[in-house]
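Results of the structural survey
Listed below, chain by chain, are the residues.
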Amino acid sequence: MSPSVALADAAPAAAASKALAQRGASGAAPRDRPATLISPSILSADFALLAEECDRIVKLGADWLHIDVMDGHFVPNLTLGAPVVACLRKHSRAYFDCHLMVSEPAKWIDDFAKAGANMFTFHLEAAADPAALSAAEAHPAVADVARAVRAAGMEVGIALKPETAVELVMPYVEAGLVDMVLILTVNPGFGGQKFMGGDVVGKCAPLRRAHPGLHIQVDGGVAPSTIDEVAAAGANVIVAGSAVFGAERPGEVIAALRASVDGAAAAAGN
Ligand SMILES: O=C(CO)[C@H](O)[C@H](O)COP(=O)(O)O
Ligand SMILES: [Co+2]
């Protein structure tokens, strides 16, 4: 390991575990709006320098690290899997926010738990036949995946593609099975795509109204030029890949994203 990789070790263990507890509490969702969390996607990092890149971006103010897992089947791209997460865990105590764009999420739960993932976000469209999903009741296959993720010691995220109606995730949130809902504002598979605003990011608003304490993540095309619409919609967990890793001063981008979301929350009175 190069000396520059020992980034997470710069924080005292007690402070790091306190921060982790604040940033990702398991169990019942709080009633108050959760804190703003910036989760840069390492998809846009230099994969040959991944540990150093993770260290650098946490030191520059990132709260979580967003890890995009693609299987070449659910999406037309391949990225990385649990072995890479396990290697990163040896170098970092950061919160690993894993976004599983895979056809069979249940198959990977144990591997990611053992690798040190903190959040396991799976796609609603992958856990059950999308035609069998309903806003009126939870689909047993989706509920089973959510329960298995929590039983494995990770927090539970459910992701929605841009075309998936937000009503379809409500039964799982209402049943207390979900810690975070991820609203995708690009078609999954690639970084650097154009942000889908309007009705797509607008799916955050009814979720925030109905569930003030829920983590609501927006992922895809988020940048200083698009963050105000994301913030106004009610998201509190912000993913940005190319905007952060492609910036000359990534710390300034992280600060600008956070300021916009904090400002919108204050304006909304929470
Ligand atoms: O899940 C994703 C793509 O499927 C990525 O997290 C997302 O696209 C982040 O990259 P960028 O901010 O460059 O859009
Ligand atoms: Co993602």
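All residue numbers here refer to positions counted from 1 along the written sequence of the relevant chain. The lettering of chains begins at A and the numbering of ligands begins at 1, in the order of writing. Since the coordinates come from a predicted model, pLDDT governs what is reported: local features require at least 70, and pairs of side-chain atoms require 80 or more to be given and counted, while whole-chain, interface and lining totals use all residues.

Named according to an unreviewed UniProt entry, the chain is Ribulose-phosphate 3-epimerase originating from Raphidocelis subcapitata. Under the Sequence similarities (unreviewed entry) heading, UniProt states for the chain: "Belongs to the ribulose-phosphate 3-epimerase family." UniProt positions are given in the numbering used here, feature names are shortened, and annotations may be inferred rather than shown by experiment. The Catalytic activity (unreviewed entry) field of the UniProt record for the chain holds the comment "D-ribulose 5-phosphate = D-xylulose 5-phosphate".

With respect to the overall build of the chain
Elements are defined by DSSP. Helices are runs of H or I of four residues or more, strands are runs of E of two residues or more, and each kind is numbered from the N terminus. The helix and strand inventory of the chain stands at 11 helices and eight strands. Any residue with 12 or fewer other C-beta atoms within 10 Å of its own C-beta is exposed, any with 20 or more is buried, and the rest are partly exposed; the C-beta atoms used are placed from the backbone. Taking all 270 residues of the chain together, the buried fraction comes to 47%. Sequence-distant contacts, at least 24 apart, represent 69% of the contacts inside the chain between residues at least 6 apart. Each residue gets a C-beta atom placed from its backbone, and two residues are in contact if those atoms lie within 7 Å.

A look at the UniProt feature "binding site: a divalent metal cation" (unreviewed entry) in the chain
Per the UniProt record, "binding site: a divalent metal cation" (unreviewed entry) is annotated on His66, Asp68, His99 and Asp219. Spatial clustering of the annotated residues is evident: they stretch over 154 residues in sequence, but the largest pairwise C-alpha distance comes to 10.5 Å. Look at His66 and you get buried, because 27 C-beta atoms sit within 10 Å. Discounting chain neighbours no more than four positions away, the residues touching His66 are Ser39, Pro40, Ser41, Ile42, Asp97, His99 and Val239. Assignment of secondary structure puts His99 in strand E3 (residues 95–101). Residue classification places His99 among the buried residues on the basis of 27 C-beta atoms within 10 Å. Among residues more than four places away in sequence, those in contact with His99 are His66, Ile67, Asp68, Val69, Thr121, Ala159, Leu182 and Asp219.

Overview of the pairing of strand E2 (residues 64–70)
Among the seven residues that make up E2, seven are buried, leaving the element largely enclosed by the rest of the structure. Going residue by residue along E2, you find Trp64, His66, Asp68 and Met70 tucked away on one face and Leu65, Ile67 and Val69 tucked away on the opposite face as well. In short, DSSP must find at least two bridges between two strands for them to pair. Looking at chain direction, E2 and E3 are connected through seven bridges and run parallel. Across the sheet, Leu65 pairs through a bridge with Phe96, a residue of E3. Place the viewer so that the strands point away; then a crossover is right-handed whenever the path from the first strand over the helix to the second strand goes clockwise. Running through helix H3 (residues 82–89), the crossover from E2 to the neighbouring parallel element E3 is right-handed.

Focus on the site of ligand 1
Being near a molecule or strand means, for a residue, that its backbone-placed C-beta atom lies within 6 Å of it. Taken together, 23 residues lie near ligand 1, and Ser41, Pro188, Gly191, Gly241 and Ser242 sit nearest. The set of elements that each furnish at least two residues to the shell around ligand 1 consists of E2, E3, strand E8 (237–240) and helix H10 (242–245). Split by residue class, the shell around ligand 1 holds nine nonpolar, 12 polar and two charged. Three residue categories are used. Nonpolar comprises Ala, Val, Leu, Ile, Met, Phe, Trp, Tyr, Cys and Pro, charged comprises Asp, Glu, Lys and Arg, and polar comprises the others, including Gly.

Topic: the nonpolar core
By definition, a nonpolar core groups buried Ala, Val, Leu, Ile, Met, Phe, Trp, Tyr and Cys residues that are joined through C-beta atoms within 7 Å. Counting residues in each nonpolar core, the largest one holds 85 residues, and the members touching the most others are Cys98, Phe120, Val181, Ala235 and Ile238. Contacts of Val181, omitting those with residues within four sequence positions, involve Ile158, Leu160, Val169, Val173, Leu207, Leu214 and Ile216.

Section: the environment of Thr36
Relative to the helices and strands, Thr36 resides in the loop between helix H1 (13–23) and strand E1 (37–40). Classification of Thr36 by C-beta neighbours within 10 Å gives buried; the count is 20. Once residues lying within four places of it in the same chain are set aside, the contact partners of Thr36 are Asn236, Arg258, Val261, Asp262 and Ala265.

Structural notes on the sheet that holds E8
Taken together, eight strands build an open sheet; the order of strands is E1-E8-E7-E6-E5-E4-E3-E2 and the sheet is parallel. Edge positions in the sheet fall to E1 and E2, since each of these pairs with one other strand and no more. Neighbour-to-neighbour, the strand axes of this sheet turn through a mean angle of 20°, independent of strand direction. Where strand E4 (residues 119–123) and strand E5 (residues 155–160) come together, five bridges link them in parallel fashion. Across the sheet, residue Thr121 finds its bridge partner in E5, namely Gly157. Orientation is described by lines fitted to C-alpha atoms, with helices fitted over the stretch in contact, and by angles between N-to-C directions that extend from 0 to 180 degrees.

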